[in-house]
Amino acid sequence: LESAFAGVRYGAMGMRGGPRGDRGPGGPGGPHGGRDQGPRGNPPVGLDSLNVPFVGGGTYQFAASGSASVPAMNLEIQAPAALAQISGVANDDTINVSQDLTITWTADAAVTRMTLVLAPAFHRGRFQGGNQGKKPAMITLDPAAGSYTITSQALQDALGDANGLMLHLDQGTHREVTNTDGTKYIVVLRSSDGVRLRVN
């Protein structure tokens, strides 16, 4: 995948979606986490054999045989101790947005980046029009902290006219490697988890 921001990206994981409990080290999944999988949780044709299982604390090694555009190289990165998982609340819990909400996760110094997304969500039985709140709030977390308290004001700001909220936790481990010709390569392991919450 080529982009103006990050050059060319090579992935060895599935595509978006997937059930809870199958949070691999790929990109972000939807509510309940999930490896990056294709529509309805199915990997794209030809990519199913590339899925790499998660080994907590393990060292992943990737070897590139090289081509006219990419030199031969060996890259490695250490995985965090655990996949991203939100604790403190469970999917479909009911919360009071007039009170602060504290979430927890497994603290890990190996994780280099962690983001919490707070967004409005609608549950069945409620009209899904109207003001759905502001754009999702993106909150940068300290991966080693192990907990974060979302203020009641932040919960109310995100809620809008929705009858629920979605919390999405994304964590990544990054390692930058500079080749002998000066070209930089970034190795990334990412996982995510999400829960939908009702409000009273």
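Before reading further, recall that the structure is shown in the block above.
Reading the values: rules and limits
Residues numbered from 1 in each chain as written. Predicted model: local features only at pLDDT ≥ 70, side-chain atom pairs only at ≥ 80, totals over all residues. Heavy atoms only, no water. Helix = DSSP H or I, 4+ residues; strand = E, 2+ residues; numbered from the N terminus. Buried < 20%, exposed > 50% of the residue type's maximum accessible area, 1.4 Å probe, protein only. Contact = heavy atoms within 4.5 Å. Areas by Shrake-Rupley, 256 points an atom, 1.4 Å probe, with all protein chains shown as cover. Arc of directions from axis to C-beta. Salt bridge = Lys/Arg side-chain N within 4 Å of Asp/Glu carboxyl O. Pairing = 2+ DSSP bridges. Axes fitted to C-alpha atoms, helices over the stretch in contact; angles between N-to-C directions. Polar contact = N/O pair within 3.5 Å; in protein donor to acceptor, adjacent residues only side chain to side chain. Phe/Tyr/Trp six-rings, centres within 6.5 Å; stacked < 30°, edge-to-face > 60°.

### Regarding the overall build of the chain
Working step 1: What the chain contains, in helices and strands, is one helix and 11 strands.
Working step 2: The buried share of the chain, reckoned over its 200 residues, is 37%.
Working step 3: In the chain, the proportion of contacts linking residues at least 24 apart, taken out of those at least 6 apart, comes to 65%.
Working step 4: Total accessible area computed for the chain in this model is approximately 11,300 Å², and 50% of it derives from carbon and sulfur atoms.

### A look at helix 1 (residues 152-159)
Working step 1: All of the buried residues along helix 1 are Ser152, Leu155, Ala158 and Leu159. Projected down its long axis, helix 1 shows its buried positions confined to an angular sector of 130°, all on one face.
Working step 2: Check the buried side of helix 1 and you find it contacts strand 6 (101-104), strand 7 (113-121), strand 9 (147-150), strand 10 (164-178) and strand 11 (184-199).
Working step 3: In the stretch just after helix 1, Gly160 is the one whose phi turns positive, near 60°.

### As for the pattern of salt bridges
Working step 1: Counting across every chain of the model gives three salt bridges.
Working step 2: Between Glu176 and Lys184 there is a salt bridge, with the nearest N and O atoms lying 3.6 Å from each other.

### Side note on the sheet that holds strand 10
Working step 1: If you walk across this open sheet you meet the five strands as 5-11-10-7-8, and the pairing is mixed. Here the strands that pair on one side only, and so sit at the sheet edges, are strand 5 (94-95) and strand 8 (137-141).
Working step 2: In terms of strand pairing, strand 7 meets strand 10 through nine bridges, oriented antiparallel. In the sheet register, Ala119 faces strand 10, and the bridge partner there is Met166.
Working step 3: Helix-sheet contacts for helix 1 involve strand 7, strand 10 and strand 11, and the interaxial angle to strand 7 is about 55°.

### What to know about the side chain of Asp170
Working step 1: One can find Asp170 in strand 10.
Working step 2: Looking at Asp170, its side chain comes within polar contact range of the side chain of Arg190, at 3.1 Å.

### Some words on the environment of Asn91
Working step 1: The topology assignment puts Asn91 in the loop between strand 4 (73-78) and strand 5.
Working step 2: Through-space distance from the C-alpha of Asn91 to that of Leu167 is 9.5 Å; in sequence the pair is 76 residues apart.
Working step 3: Side-chain polar atoms of Asn91 contact the backbone nitrogen of Arg196, separated by 2.8 Å.

### Focus: the packing of aromatic side chains
Working step 1: For the coordinates displayed, the defined rule picks out one aromatic pair.
Working step 2: Taking the centre distance of 6.4 Å and the plane angle of 10° together, the rings of Tyr60 and Phe62 count as stacked.
Working step 3: Judged by its relative accessible area of 28%, Phe62 is partly exposed.

### Quick look at the pairing of strand 11
Working step 1: Relative to strand 11, strand 5 runs parallel, the two sharing two bridges. Note that in strand 11 the partner of Ile95 across the bridge is Val199.
Working step 2: By the bridge criterion, 15 bridges tie strand 10 to strand 11 in an arrangement that is antiparallel. Following the sheet pairing, Gly172 is matched in strand 11 by Arg190.
Working step 3: The hairpin turn running from strand 10 into strand 11, its antiparallel successor, is five residues long, and Gly182 in that turn takes a positive phi close to 90°.

So yeah, pure geometry; function would need other evidence.
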